[in-house]
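Results of the structural survey
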Amino acid sequence: MNTIGQEVTDFVNRSLDSHVRIAVTGLSRAGKTAFITSMVNQLLHSSTHDNLPLLDCARDQRLIGAKRVPQSNLMVPRFHYDEALDQLEGEPPQWPQPTRDVSEIRLAIKYKPKKATKRLLSKTSTLYIDIIDYPGEWLLDLPLLSMTFEQWSEQQASILKGQRLNLAKEWQQLVDEFDPHQDADEKRIATISQAFAQFLMKCKESGLHWVQPGRFVLPGELQGAPVLQFFPIIVKSTEDKPSRNSGYMMLKRRYEEYQQKVVKHFYKHHFATFDRQIVLVDCLQPLMAGSESFSDMRGALEQIMKSFRYGQNNLLRRVFAPRIDKIMFAATKADHITPDQHTNLVSLLQQMVYPTWQTASFDNIEMNCMSLASIQATKSGFVGAGTETSPALRGTTLMGDNLTLYPGDVPKVLPKADYWQKKSFEFTSFRPLEKTTDSPCGHIRLDKALQYLVGDKLR
Ligand SMILES: Nc1nc2c(ncn2[C@@H]2O[C@H](COP(=O)(O)OP(=O)(O)O)[C@@H](O)[C@H]2O)c(=O)[nH]1
Ligand SMILES: [Mg+2]
């Protein structure tokens with residue numbers, strides 16, 4: 001082809017290229033790192049393996065291949081794909097190390113377009129996918145934007161009940177000894193803030209997910225910064241108004257700084273750029289941890305959903321112009337339960353998501369629920385013989401023991417009191433299944449998630 005002909009072809013190809021930003025979120029340990037690692041791994045193997053049958057483009061044999069390309073946003077850390085893969089391919093295979101901040105990775109997917117209009121212009125097109133990993137905890141901060149420091153402090157006091165109250169003892173004692181009217185003492189405030197952050201951390205460790213401010217438990221690059229050094233405190237209306245230089249005013253100013261520089265900044269500079277969103281939910285861990293943990297996770301999930309509710313006149317709409325048009329809620333780690341329980345897991349997730357979704361205006365965002373396993377750690381099968389067989393899972397525990405078991409039934413509806421008394425469900429942590437360098441990791445329905453998230457962009 002002559003140079004001009006080549007230039008025209010290049011121009012046409014470039015104008016056919018498209019781009020989508022997919023955000024992956026979920027509370028910590030929901031399975032974000034595992035999901036992104038597997039998603040990248042599956043796509044990189046798509047040209048040589050038949051690993052994504054539920055992705056239309058792959059099933060129709062229009063997917064030519066995928067490769068990694070440098071990410072577009074240079075201000076965001078790279079997602080540690082190679083490191084995660086090294087761990088999965090280790091001997092023995094291990095789960096990738098947790099990461100605690102926002103990160104991203106970019107793939108270019110080359111495919112043969114199905115649409116006649118695109119096909120006429122070029123035989124192949126490229127879809128660039130940015131995959132962004134960010135902690136779901138950050139979405140729990142949205143309500144802070146509409147609360148003053150006083151209102152937030154009141155609200156924090158009102159949720160100190162049950163397990164939370166027990167965990168708050170140490171921090172509360174320090175607050176009791178703190179005089180908000182006295183001149184601000186930065187060191188003292190730092191100490192009490194640290195105790196507050198530790199209390200939030202302990203909440204998370206004992207399975208309570210609804211913690212505010214979200215950055216206190218996942219500070220990322222803000223670790224140790226004064227903007228993360230404040231705590232709720234109430235000054236009674238009968239007391240004098242705290243003076244400008246008081247500790248109280250320092251806490252209030254820092255809270256306001258947090259609202260602007262941390263919360264708003266995230267929505268404006270990250271959230272506003274996402275086209276598609278997948279929210280990963282680990283329903284199994286709170287099922288095992290008990291009633292309080294389960295209802296707390298439901299609360300956190302409801303809170304997370306508020307970030308996608310940006311109808312007219314909404315607070316969010318004033319902060320940024322929303323773009324997300326599709327959202328997927330996925331119950332992760334489905335390989336922890338036998339396949340006959342997968343529909344129950346989806347139904348349980350739907351019961352947590354639908355009521356909130358239906359009562360609110362979500363501005364025509366398409367939504368769906370499913371269950372998946374990003375990286376398989378078990379194989380499912382049956383035990384027994386003849387007509388007396390029952391479903392079972394087989395895997396290798398983290399300690400290296402081979403185990404065959406039936407973890408229990410997943411309730412189809414939100415569990416009632418007797419469920420918690422019976423302790424019907426018990427799951428064991430397994431190592432990821434062994435994989436070789438040249439094959440993709442085993443997954444369950446990750447291709448279905450991909451079809452939902454990008455299928456329409458690959459037509
Ligand atoms: N069996 C199984 N376990 C998983 C899967 N995905 C995640 N996990 C487990 O959940 C842990 C947390 O996952 P990770 O992806 O690090 O969560 P993140 O904090 O959301 O990034 C992992 O270390 C695994 O033990 C999965 O698909 N199957
Ligand atoms: Mg992670």
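Residues numbered from 1 in each chain as written. Chains lettered and ligands numbered in written order. Predicted model: local features only at pLDDT ≥ 70, side-chain atom pairs only at ≥ 80, totals over all residues. Heavy atoms only, no water.

**A few points about the overall build of the chain**
- In terms of regular secondary structure, the chain is built from 17 helices and 10 strands.
- In terms of overall size, the chain behaves like a compact globule, its C-alpha atoms giving a radius of gyration of 24 Å where 459 residues would be expected to give roughly 23 Å.
- Counting only C-alpha atoms, the chain reaches 80 × 70 × 45 Å along its principal axes.
- Taken across its 459 residues, the chain has 52% of its residues classed as buried.
- Partitioning the intrachain contacts of the chain with sequence separation of at least 6 by distance along the chain shows that 78% fall at a separation of at least 24.
- In the form shown here, the chain has an accessible surface area of approximately 22000 Å², with 50% of it arising from carbon and sulfur atoms. (Helix = DSSP H or I, 4+ residues; strand = E, 2+ residues; numbered from the N terminus. Rg over C-alpha atoms; globule rule 2.2 N^0.38 Å. Buried < 20%, exposed > 50% of the residue type's maximum accessible area, 1.4 Å probe, protein only. Contact = heavy atoms within 4.5 Å. Areas by Shrake-Rupley, 256 points an atom, 1.4 Å probe, with all protein chains shown as cover.)

**A word on the pattern of salt bridges**
- Counted by the stated rule, this structure contains 21 salt bridges.
- With its nearest N and O atoms 3.5 Å apart, the salt bridge here joins Glu83 to Arg78.
- Residues Glu89 and Lys435 are paired through a salt bridge, measuring 2.5 Å at the closest nitrogen-oxygen approach. You can see Glu89 sitting in the loop between helix H4 (81-88) and strand E3 (103-111) and its partner Lys435 sitting in the loop between helix H16 (417-422) and helix H17 (446-454), a full 346 residues away along the chain.
- When its relative accessible area of 23% is taken as the criterion, Glu89 is described as partly exposed.
- Lys435 gets classed as buried once you look at its relative accessible area, which sits at 13%.
- Here the residues in one salt-bridge network are Asp56, Arg59, Asp60, Arg62 and Lys114, joined through shared partners. (Salt bridge = Lys/Arg side-chain N within 4 Å of Asp/Glu carboxyl O.)

**Comments concerning the domain arrangement of the chain**
- According to the domain assignment, the chain contains domain 1 (3-134 + 270-375 + 438-458), domain 2 (143-266) and domain 3 (379-422).
- Computed over C-alpha atoms only, the centres of domain 1 and domain 2 are separated by 34 Å.
- Counting residues at the interface gives 16 residues for domain 1 and 18 residues for domain 2.
- In total, domain 1 and domain 2 occlude about 1600 Å² of area from one another, counting both sides; carbon and sulfur atoms represent 61% of this.
- At the boundary of domain 1 with domain 2, the tally comes to one salt bridge.
- Notably, a salt bridge pairs Asp296 with Arg164, separated by 2.7 Å at the nearest N-O pair.
- Along the contact surface separating domain 1 from domain 2 lie eight residue pairs in polar contact (both at pLDDT 80 or more). (Domains from an automatic or database assignment. Buried area = accessible area lost by both parts, 1.4 Å probe. Polar contact = N/O pair within 3.5 Å; in protein donor to acceptor, adjacent residues only side chain to side chain.)

**Quick word on the sheet that holds strand E2 (residues 63-69)**
- Across the sheet, seven strands lie side by side as E2-E3-E4-E1-E5-E6-E7; this open sheet has mixed pairing. Edge positions in the sheet fall to E2 and strand E7 (366-371), since each has one partner strand and no second. Going from strand to strand, the sheet's axes swing by 20 degrees on average, the running direction of each strand aside.
- Of the pairings in the sheet, the one linking strand E5 (residues 276-281) to strand E6 (residues 326-331) comprises six bridges and is parallel in character. (Pairing = 2+ DSSP bridges. Axes fitted to C-alpha atoms, helices over the stretch in contact; angles between N-to-C directions.)

**As for the packing of aromatic side chains**
- Following the criterion strictly, the structure yields 26 aromatic pairs and no others.
- With a centroid separation of 5.7 Å and an interplanar angle of 70 degrees, the aromatic rings of Phe196 and Phe216 are classed as edge-to-face. Pair noted here: Phe196 is in helix H9 (residues 186-205) and Phe216 is in helix H10 (residues 214-217), with a separation of 20 residues, a long-range link.
- For Phe196, a relative accessible area of 0% corresponds to the buried category.
- When the centroid spacing of 5.3 Å and the interplanar angle of 70 degrees are considered together, the rings of Phe266 and Tyr267 count as edge-to-face.
- Three or more aromatic residues joined by ring pairs form one cluster here, namely Phe149, Trp152, Trp171, Phe196, Phe199, Phe216, Phe230, Tyr248, Tyr255 and Tyr258.
- Above the face of the Trp138 ring, Arg215 is positioned so that its terminal group lies 3.4 Å from the ring centre.
- The ring of Tyr452 has Lys326 sitting right over it, with the charged end atom 4.5 Å from the ring centre. (Phe/Tyr/Trp six-rings, centres within 6.5 Å; stacked < 30°, edge-to-face > 60°. Lys NZ or Arg CZ within 6 Å of the ring centre and 35° of its normal.)

**Digging into the environment of Ser206**
- Residue position: Ser206 is located in the loop between H9 and H10.
- Considering only alpha carbons, one finds Ser206 and Arg164, 42 residues apart in sequence, at a separation of 9.5 Å.
- Setting aside its immediate chain neighbours within four residues, Ser206 contacts Gln163 and Leu167.
- Of the polar contacts made by the side chain of Ser206, one reaches the side chain of Gln163; its length is 3.5 Å.

**Considering the packing of helix H2 (residues 32-44) against H17**
- Put simply, H2 and H17 touch, their axes get as near as 11 Å, and they point 85 degrees apart. In this view, H2 runs roughly perpendicular relative to H17, as classed from their interaxial angle. Residues Phe35, Ser38, Met39, Gln42 and Leu43 of H2 form the contact with H17, whose participating residues are Leu446, Ala449 and Leu450.
- Grouping the constituent residues of the contact of H2 with H17 by class yields six nonpolar, two polar and no charged. (Parallel < 35°, antiparallel > 145°, perpendicular 65-115°, else oblique. Nonpolar A, V, L, I, M, F, W, Y, C, P; charged D, E, K, R; others polar.)

**Some points on the sheet that holds strand E10 (residues 402-405)**
- Strand order in the open sheet formed by three strands is E8-E9-E10, with antiparallel pairing between adjacent strands. Of all strands in the sheet, those bounded by a partner on one side alone are strand E8 (378-383) and E10. For this sheet the average axis-to-axis angle between neighbouring strands, irrespective of direction, equals 30 degrees.
- In this sheet, strand E9 (residues 390-396) lies alongside E8 in antiparallel orientation, the contact comprising six bridges. Bridging across to E9, Gly381 finds its partner in Ala392.

**So, the nonpolar core**
- Ranked by size, the top nonpolar core spans 87 residues in total, and within it Trp171, Phe231, Tyr267, Phe271, Phe308 and Phe329 carry the most contacts.
- Ranked by residue count, the leading element in this core is helix H11 (residues 247-269), at nine residues.
- Looking at which domains feed residues into this core, each of domain 1 (3-134 + 270-375 + 438-458) and domain 2 (143-266) supplies at least three.
- In this structure, Trp171 is in contact with Leu160, Ile192, Ala195, Phe196, Phe199, Phe231 and Pro232, ignoring residues within four places of it in sequence. (Core = buried A, V, L, I, M, F, W, Y, C linked by side-chain atoms within 4.5 Å.)

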